Amino acid sequence: DVVMTQSPLSLPVTLGQPASISCRSSQSLVYSDGNTYLSWFQQRPGQSPRRLIYKVSNRDSGVPDIFSGSGSGTDFTLKISRVEAEDLGVYYCMQGTHWPFTFGQGTRLEIK
Amino acid sequence: EVKLVESGGDLVQPGRSLRLSCIASGFNFYEYAMHWVRQAPGKGLEWVSGLSWNSGTIAYADSVKGRFTVSRDNAKNSLYLQMNSLRPEDTAFYYCVKDTLRLLSKANIDYWGQGTLVTVSS
């Protein structure tokens, strides 16, 4: 199985400051069609996950532009340009290129 | 608006069975692959099973293979998960999840339901 490794697992941040989460896969996530099926999800306390980014860097409709995704191959990053209170929660990366589809362990974004 | 509503979660004893359902609305259900993803309380996300738009391709995580069966009824906009021989480690919230793709060769999931809680305990 493809192992997705996120870091850090806990990220204390100051409101208004940037934040960055890393996600590394144990194999390349480039599919034979040329796409890379790497997504980022946000899970606020008590809620279901919500997709923020798909195929590495495409932001979903309604997602603020403070969120951005980047990377290639096995190394990916989610950046928040300035953290707001509503951004607190757990963030997961997920690969959809190889069976079985797998998630990272999650990164908890919390107030410093 | 895409809506996915799960039901069927309950407290069951180890070794018993349970069937989860998910009713979809707000999109053409028959066009998309669908998945089940679970989350043990306070833990991370685990993909459980998925099937293509026409049920032609079905896949399971090793942890549930041989015990769980996924199915869909496109006429009823419904997704199901039959869970047999339940174990305490199957205790989790089970989410019904929509994909943006028709086939299951890869996954690009977008919308999630609110989840239904399955507790396996004696």
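Details of the structure are given in the entry above.
Residues numbered from 1 in each chain as written. Chains lettered and ligands numbered in written order. Predicted model: local features only at pLDDT ≥ 70, side-chain atom pairs only at ≥ 80, totals over all residues. Heavy atoms only, no water.

## Brief notes about the state of the cysteines
All names here are of chain A. Per the counting criterion, the structure on display carries two disulfides over all chains. Note on cysteine connectivity: C23 is disulfide-linked to C93, with sulfurs 2.1 Å apart. What sets the handedness of the C23 and C93 disulfide is the S-S torsion sign, and at about 75° it is right-handed. Residue C23 is found in strand β3 (residues 19-25), and its partner C93 is found in strand β9 (residues 89-95); the two are separated by 70 residues along the sequence. (Disulfide = S-S within 2.5 Å. Helix = DSSP H or I, 4+ residues; strand = E, 2+ residues; numbered from the N terminus.)

## A look at the sheet that holds strand β8 (residues 78-83) of chain B
Residue and element names in this part refer to chain B. Taking strand neighbours across the sheet as the criterion, the four strands line up as β1-β3-β8-β7 in an open arrangement whose pairing is antiparallel. For this open sheet the edge positions go to β1 (3-7) and β7 (68-73), each flanked by a neighbour on one side alone. The mean angle between the axes of side-by-side strands here comes to 15°, regardless of whether they run parallel or antiparallel. Relative to β8, strand β3 (residues 18-25) is paired through six bridges, and the arrangement is antiparallel. Of the residues in β8, the one forming a bridge with S21 is Y80. (Pairing = 2+ DSSP bridges. Axes fitted to C-alpha atoms, helices over the stretch in contact; angles between N-to-C directions.)

## A look at the interface of chain A and chain B
Contacts between chain A and chain B engage 20 residues on the former and 23 residues on the latter. Carbon and sulfur atoms make up 62% of the area that chain A and chain B hide from each other, which totals about 1,800 Å². Contact with chain B buries area across many residues of chain A, yet W99(A), F101(A) and F103(A) alone supply 31% of it, more than any other trio. Linking chain A with chain B are one salt bridge. Between K106(B) and D33(A) there is a salt bridge, with the nearest N and O atoms lying 3.7 Å from each other. Our enumeration of links across chain A and chain B arrives at nine residue pairs in polar contact (both at pLDDT 80 or more). (Contact = heavy atoms within 4.5 Å. Buried area = accessible area lost by both parts, 1.4 Å probe. Salt bridge = Lys/Arg side-chain N within 4 Å of Asp/Glu carboxyl O. Polar contact = N/O pair within 3.5 Å; in protein donor to acceptor, adjacent residues only side chain to side chain.)

## What about the nonpolar core?
In this structure, W36(B), L79(B), L81(B), M83(B) and Y94(B) are the most contacted members of the largest nonpolar core, which totals 25 residues. The element best represented in this core is β3(B), accounting for four residues. Counting 23 residues, the second-largest nonpolar core is a separate cluster that includes I66(A), F67(A), I80(A) and V83(A). (Core = buried A, V, L, I, M, F, W, Y, C linked by side-chain atoms within 4.5 Å. Buried < 20%, exposed > 50% of the residue type's maximum accessible area, 1.4 Å probe, protein only.)

## A short note on the sheet that holds strand β7 (residues 67-72) of chain A
Adjacent strands of a sheet form backbone hydrogen bonds with each other and so pair up, either parallel or antiparallel. All names here are of chain A. Sheet architecture is open: four strands sit in the order β1-β3-β8-β7, paired in antiparallel fashion. Strand pairing shows two members of the sheet lacking a second neighbour, β1 (4-7) and β7, which therefore form its edges. Between one strand axis and the next, the sheet turns by 20° as a mean value, whatever way the strands run. As paired elements, β3 and strand β8 (residues 75-80) share six bridges and run antiparallel to each other.

## Topic: the environment of G66(B)
All names here are of chain B. Within the secondary structure, G66 sits in the loop between β6 (58-60) and β7. On the basis of relative accessibility, which here comes to 80%, the residue G66 falls in the exposed class. Residues G66 and V2, 64 residues apart in the sequence, show an inter-C-alpha distance of 31 Å.

## Details of the pattern of salt bridges
Residue and element names in this part refer to chain B. The tally for this structure, following the rule as stated, stands at eight salt bridges over all chains. Notably, a salt bridge pairs R67 with D90, separated by 2.7 Å at the nearest N-O pair. Here R67 is found in the loop between β6 and β7, whereas its partner D90 is found in the loop between β8 and β9 (92-99), with 23 residues between them in sequence. For K98, the salt bridge goes to D110, with nearest N and O atoms at 3.1 Å. Placement of K98 in strand β9 and of D110 in strand β10 (residues 109-112) is noted, with a sequence separation of twelve residues between them. Linked through salt bridges whose partners overlap, the residues forming this network are R38, E46, R67 and D90.

## Some details on the pairing of β7(A)
Residue and element names in this part refer to chain A. Where β7 meets β8, six bridges bridge the pair, whose relative direction is antiparallel. Within β8, the residue paired with S68 across the bridge is K79. The turn joining β7 and β8, which pair antiparallel and follow one another in sequence, is formed by two residues; a positive phi near 65° is taken by G73.

## Observations regarding unusual backbone geometry
Residues and elements named next belong to chain A. Looking along the chain, the bond that leaves S7 and enters P8 is cis, with omega of -5°. Among the structural elements, P8 can be located in the loop between β1 and β2 (10-13). Each neighbour pair has its own omega, and for W99 with P100 the value is -15°, a cis peptide bond. One non-glycine residue with positive phi stands out, namely K55, at about 45°. The residue K55 is located in the loop between β5 (50-54) and β6 (58-59) in this model.

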